[in-house]
Amino acid sequence: MSQHNIADELVFFVNGRKVREQNADPETMLLPYLRRTLRQTGTKYGCGGGGCGACTVMISKYNVLEKKIFHFSVNACLTPLCTLYGAAVTTVEGIGSSRTSIHPVQERIAKAHGSQCGFCTPGMVMSMYTLLRNNPTPSTAQLQQNLAGNLCRCTGYRPIVDAFRTFCTATTCCQKGGPGVSCPLGKAEQDGSSTESMGRDQDMCSQLFKADDFLPVDDSQELIFPPELMLMDEKLEKRTLVFRGERVMWIAPAKLEELLELKSQYPKAPLLVGNTNIGPNMKFKGAFHPVMIHPANVSELSSVQFTDEGLRLGAACSLSHMKDVLVKATAEIAKEKTEIFQALVEQLCVLGGEQIRNMASLGGNIVSGSPTSDLNPILAATNCILELVSKERRRKIHLDENFFVGFGKTALMPEEVLLSIFIPYSRKWQFVSVFRQASRRENAFSIVNSGMQVVFKDETRVIAELRMFFGGMGPTTVCAKRCCKELINRSWDEDLLNQACELLLDEISPPSSAPGGSVEFRRTLTISFFYKFYLRVLQRLQQLLSKEDLFGADIPERHRSAMLPLLVGLPRGLQKFQQVPWDQLPEDQVGQPVMHLSAVKHATGEAIYCDDIPSQEGEIFLVLVTSSRAHAKIVSIDAVEALHLPGVLDIITAQDVPGENKMLDMNEILCESEVTCVGDIICGIVANSRVCAKTAAAAVKITYEDLEPLVLTLEDAIQHKSFYGERKLENGNVDAAFEKVDQQLEGQIHIGGQEHFYMETHSILVIPKGEDGEIEMVCPTQNPTLAQTVVAGSLGIPSNRVTVRVKRIGGAFGGKVMKISKMAAITAVAAHKTGRSVRLALERGEDMLITGGRHPFLGRYKVGYMTDGRIIAVEVTCYANGGNELDVTLEVLENALMNMDSGYHIPHLRLTGFACRTNLPSNTAFRAFGQPQAIAITESWITDVASKCGLSAEKVREINLYRGEECYTPCKTIFDSRNQLICWNECLKSASYHNRKIVIEEFNKLNRWKKRGISVMPLKKAVGFVIPFLNQAGALLLVYEDGSVLLTHGGTEMGQGLHTKMLQIASHELKIPMSAIHLNETSTGTVPNTSPTAASFSTDLNGMAVKAACQTLLQRLKPFMHDNPKGTWKDWVKEAFRNKVSLSTTGFFKGKDVSIDWEKGEATGIMYFIFGAACSEVEIDCLTGDHKNIRTDMVIDAGSSINPAVDIGQIEGAFTQGLGLFTMEELKYSPKGVLYTRGPTQYKIPAVCDIPEQLNVSLLSGSKNPNAIYHSKGISESAVLAGCSVLYAIKDAIAAARRESGLTGNFTLNSPCTPEQIRMACIDQFTEMVPVNVPESTPWAIIV
Ligand SMILES: Cc1cc2nc3c(=O)[nH]c(=O)nc-3n(C[C@H](O)[C@H](O)[C@H](O)COP(=O)(O)OP(=O)(O)OC[C@H]3O[C@@H](n4cnc5c(N)ncnc54)[C@H](O)[C@@H]3O)c2cc1C
Ligand code: FES
Ligand code: FES
């Protein structure tokens, strides 16, 4: 079309500045444009697919017709640049800055300790900011909805929520113990629990931040919508806009006729509205569209019209707009008429996150034809009508089973446009319900969903019409047509229920190998949903019909629980910590809840992460090529096509490694002849841009020859005896003890792996210095020295030529200790080969594929016990899935065995562990290093014993707890267990465990389909490295003439507040304010031979080194202080300088020689233990497997905390990771070893909806640890273990559900305890109806 030959100029605003883009490329998204073209790097990349919220920005648009400005949050990663014509974009940099003034949202999240690594913080800030722009005093419900699309891996959300709650109007909390539901104090009154211990201790404090001095919100300070854009929009005679990129043409028509004309001309061109389906398909599935039509300006597509029969919504209405319209209508129109509207609102509230709902359109949702669309089943069940137009015709069709013709395909003709959707009013005798179960309550696609409608003959319970549609049960939305037909004219009673279930199962039965797997669960859900529908309808009929009419159809009171939703409120809680002594000077910051050093920079987007660093002169980009086979010989690497692509510079293979192609005793850095997992790195492509390098990497052709055996699962490894090594610990006389016990039992548990999901993916920048082979490397690693050593080794140069710099890391959790060094080496080899600076930044999917995570464990056990609950002998054999190279698998296994006793004294114990070699990407260090898996195994046999003895689990735990001053661990380390018992008792008390248990029992008696469970468990964790040489640290203190101090040490800052604590220590030692000390980065060029920042041990190590450096300096200043006692710090420093005294000091700390002799099973020199206890309460929906975390209380012995805000933040964050590990994070692999779960869409970490509504943390008062600096304890990892209390609370609830079916024996509950695990363990008449899968073919996924 000739009129489309000329490209328009794209005009929009970013943070008040006009952007004029002459060559807007339709393939460019806003996120890379902001970050690279405009150099606004505050907005972060976390996933690229709309799933994490790190890229949230606010878009403002002027609506000419309504003369109104609309603000909405979007995911910049899915927002095509070309959609921004006439829009104003506000990013985190646009709302405040530390250079001018910060915005109240930024201030509050920073001061309330809502940022740790800070990578999610700009996204959080922008979600909140947008909410405030639309509603200056939002409700807590609105706050909850607006944060659903933002993930944080560090904080556990509670501090973020607390910060933002200060903007909300009405708080549901009474603060003083009134009747508020969420307040721990108010709640305590309701459930009979004690509040005594909460405010008991005089020396305890619960104020982590002061809200009184927060800046008020001042609308007048906000950026105004550019008047120029208003004028532009007013004047814009509705004309078509055209943008042209290298490969794609973008046409945005303004009129419907033109749109139809375009559609007839380019029938294959998609109608891009929100891009939430097209975008991910292009990015992740390689879809390509040479022409894209953007119909946003076609007013007919956005119209909203109420008629006498219902509501007509333009297809391009966003889901948020649709929700607002429906919510308003349900409030204003008679209830009877809005059944369908209400059902739609129910789905819309949990569909995606706020950003997705703001972008995604109703028409897009329908036409995408996704089998898990939450809207299609209900729209279809309620006879909604689609209005379709093309140049030639206009037609109306029902949205029904005929509309969905295949996966992602509909009956829409290529040239047709969906103009509107008509949603009818409901009427009397018509009942509608929706259901969905997802792997996370919010911001997760449904596993199964359903829309159901029944219409009765007037004044009867005889079915006139029944329509049921299901999502997630096949390649399309599925209609239960036959079932519905057979039930017409039937009476709504129990016979119908049974028959309906049978018919549904018969009609909807995907094969056991169906994509998505979990077929039994999905089939169970279909009939469980129907049961819920049956009861809901019956309840309504009871309101309308007489008792006689309803004869034989009753709802027992206890069964009403099937209908109740599991509503989740915003988390809140109490955080208690010890106040500093009354005589501590106010300027001494040790023991104070000091804000994270970088918090304001996190909140303003000023904090610089590796990929935020501007491009170097001549910089090129590296993309890795990884293996698609799990075990194969590399026959050939063909890069001819790739190297011919424009912009491509070179290929980097094993042959290019000038030094050693190896790291420690692990596999090759670049595979040469064989691959041993999917994701093994074979080679890399360097090109001028990321896009070129990515395209070229995809074009490299590798030929493989598969090798045997293929060992993927732990069972495979056991069968093939594929082990790296074996470890054993034995105490007492196990065999003899088994002879003497009353009873024995055996069992097993499998604990799945876990992805680190740090928000900042692996990124590295290597800058060759051009002289003497020197290279500088920005590498966010937890282990700078390892990166330095491996890079030097691979280049064949000494370490003194390689400087590794780490400013900050956007989350790590153990995932940036090992493999990042391999990637650093490949990047360095690329820089060496090309002589140019090279950048590597993994996409989320690559990162998840390549880097491995927490080790899956299988534990098999035999237990000998007395009928009074004493456990006498235990034998455990466990297996850890190490993957394709050793990494730290043996150390993880060792740590698991050493800590498997948890808090229990078992006199006769035999623990054997096997480190398994499999064809998966090697698993690696992960927060708490094998111990969460170990205690999950331990708690499994504890609960088994309790159940066999007819005792409560907490009784058996209590009976077997370590007691006294002189206790011994399985590796014969002596320790004093008294604080553990104190924590246990405090936890029982502050959680009001015993009272609540009675309330729970009562609840369970009254409710058949909802069950509550509670679990309290001890926590014990050894702190320190058992590799002796790692227990050392160094620091460097430089004092300048003006008195300012520059501090460096060997630890890296990854959100855990290490640098903040180091500054507190230095400030305390030097007696100068923290503001006089600066800590710029960690660098191998300043402090050499660093130990990895890991194992909760970095404050202990580096803190001592910092202290030593400070003390040396003070010694040097002493004469000047003596001479001038009234002088200031600056005076003394100046005087020392004038007297030629060195003002740079180093500090060194040599820790204990901790080691373990595995021959003897004896450890020497273990530093100390963290003790604690955690109590969790949950509620499960027995019919769907959903669960809600009601409350968790933790009492943790953190010694004398250096910074309670940081420590409590670590505890809550670690607990949340544990919660994720044990209840929701599920890695799925294909039978060929391919990881399916490669992004937040498939892999669910906890979101704000998953945090216990009450989360109380108390640091044990009066605890002093003589083994670490200022009597503190390293706390970062221990609370992961507390997540296990949630797993066993769920098990407690499931046990109650099983008792309803007469099942009282032990049962296995594997981790993670997903909705599938819960549902299938709650055996009942519905699970019994579903035939057990007989695998006809290979299953879709395997358990590794
Ligand atoms: C992170 C994330 C989470 C999500 N969570 C959920 C969820 O929980 N539940 C759920 O149901 N969905 C979910 N979705 C899917 C989302 O709702 C759909 O992608 C969205 O509704 C599609 O609308 P869109 O405007 O973005 O479509 P686009 O991506 O712009 O277009 C999608 C398709 O629809 C076609 N199309 C669009 N409008 C028309 C029209 N008027 N006429 C003809 N064809 C048209 C396009 O040609 C294209 O083929 C999620 C998506 C993401 C990215
Ligand atoms: S980067 Fe955009 S949502 Fe994750
Ligand atoms: S602070 Fe939220 S991801 Fe790190």
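Residues numbered from 1 in each chain as written. Chains lettered and ligands numbered in written order. Predicted model: local features only at pLDDT ≥ 70, side-chain atom pairs only at ≥ 80, totals over all residues. Heavy atoms only, no water.

Peer 1: Quick one: what's the story with the pairing of strand β16 (residues 417–424), residue by residue and with numbers?
Peer 2: Here is the key point about a regular strand: its side chains alternate between the two faces of the sheet. With respect to burial, β16 is a largely interior element, eight of its eight residues being buried. Relative to β16, strand β11 (residues 310–314) is paired through five bridges, and the arrangement is antiparallel. Residue Leu 313 lies in a different strand from β16, and its bridge partner there is Ile 421. Of the strand pairs in this sheet, strand β12 (residues 385–389) and β16 are connected by five bridges, and their pairing is antiparallel. Bridging from a neighbouring strand, Leu 388 pairs with Leu 418 of β16. (Buried < 20%, exposed > 50% of the residue type's maximum accessible area, 1.4 Å probe, protein only. Helix = DSSP H or I, 4+ residues; strand = E, 2+ residues; numbered from the N terminus. Pairing = 2+ DSSP bridges.)

Peer 1: Residue-level account of the nonpolar core, with values.
Peer 2: Phe 164, Trp 492 and Phe 530 are the most contacted members of the largest nonpolar core, which has 305 residues in total. Counting residues in hydrophobic clusters, the runner-up holds 98 residues, among them Tyr 85, Leu 229, Ile 293 and Phe 469. (Core = buried A, V, L, I, M, F, W, Y, C linked by side-chain atoms within 4.5 Å.)

Peer 1: Describe in detail the sheet that holds strand β41 (residues 1045–1049), supporting the description with residues and values.
Peer 2: Paired through their backbone hydrogen bonds, the strands of a sheet run either parallel or antiparallel. The sheet built from four strands is open, its strands ordered β42-β41-β40-β44 with mixed pairing. The open sheet has two free edges, formed respectively by β42 (1077–1078) and β44 (1144–1150), since each of these has just one partner strand. Pairing analysis gives seven bridges linking strand β40 (residues 1032–1039) to β44, with the strands arranged antiparallel. The partner of Leu 1036 across the bridge, within β44, is Thr 1146. Of the strands in this sheet, β40, β41 and β42 touch helix α32 (residues 1058–1070), which is tilted by about 130° from β41. Packing against the sheet, helix α33 (residues 1098–1123) makes contact with β40, β41 and β44, and its axis sits at approximately 140° to β44. (Contact = heavy atoms within 4.5 Å. Axes fitted to C-alpha atoms, helices over the stretch in contact; angles between N-to-C directions.)

Peer 1: Can you tell me about the pairing of strand β19 (residues 463–471), naming the residues and giving the values?
Peer 2: Across the nine residues of β19, seven count as buried, placing the element largely inside the fold. Inspection of the sheet shows strand β18 (residues 446–456) paired to β19 by eight bridges, in the antiparallel sense. Bridged to Ser 450 within β19 is Phe 470. Where β18 folds back onto β19 in an antiparallel hairpin, the turn is made up of six residues, including Glu 459, whose phi is positive at roughly 60°. In sequence, β19 turns back onto strand β20 (residues 478–479) through a hairpin of six residues, with Gly 472 there showing a positive phi of about 85°.

Peer 1: Describe the sheet that holds strand β6 (residues 204–205), with residues and values.
Peer 2: Spatially, β6-β21-β49-β48-β47-β39 is the arrangement adopted by the six strands of the open sheet, whose pairing is mixed. With partners counted over all chains shown, the strands left at the sheet margins are β6 and β39 (1010–1023), one partner each. Two strands pair when backbone bridges link them, and β39 and strand β47 (residues 1168–1181) are joined in this way by 14 bridges, in the antiparallel orientation. Residue pairing for β47: Val 1023 is matched across the bridge by Tyr 1168.

Peer 1: I'd like a rundown of unusual backbone geometry, residues and numbers included.
Peer 2: Negative phi is the rule for most residues except glycine; trans is the rule for most peptide bonds. The peptide bond linking Glu 708 to Pro 709 adopts the cis configuration, its omega dihedral lying at -10°. Mapped onto the elements, Pro 709 comes out in the loop between β27 (701–706) and α22 (714–720). A cis amide bond links Ser 1311 to the next residue, Pro 1312, at an omega of 5°. Here Pro 1312 is to be found in the loop between α36 (1283–1300) and α37 (1315–1321). For Arg 39, which is not glycine, the phi dihedral falls at a positive 60°.

Peer 1: Quick one: what's the story with the pattern of salt bridges, residue by residue and with numbers?
Peer 2: Taken as a whole and judged by the stated rule, the model has 67 salt bridges. Arg 393 is the salt-bridge partner of Glu 416, the closest N and O atoms lying 3.7 Å from each other. You can see Glu 416 sitting in the loop between β15 (409–410) and β16 and its partner Arg 393 sitting in the loop between β12 and β13 (394–398), a full 23 residues away along the chain. Overall, the relative accessible area of 41% leaves Arg 393 in the partly exposed class. By sharing partners, the salt bridges in this structure join Arg 35, Lys 44, Asp 611, Asp 612, Glu 619, Arg 690 and Arg 839 into a single network. (Salt bridge = Lys/Arg side-chain N within 4 Å of Asp/Glu carboxyl O.)

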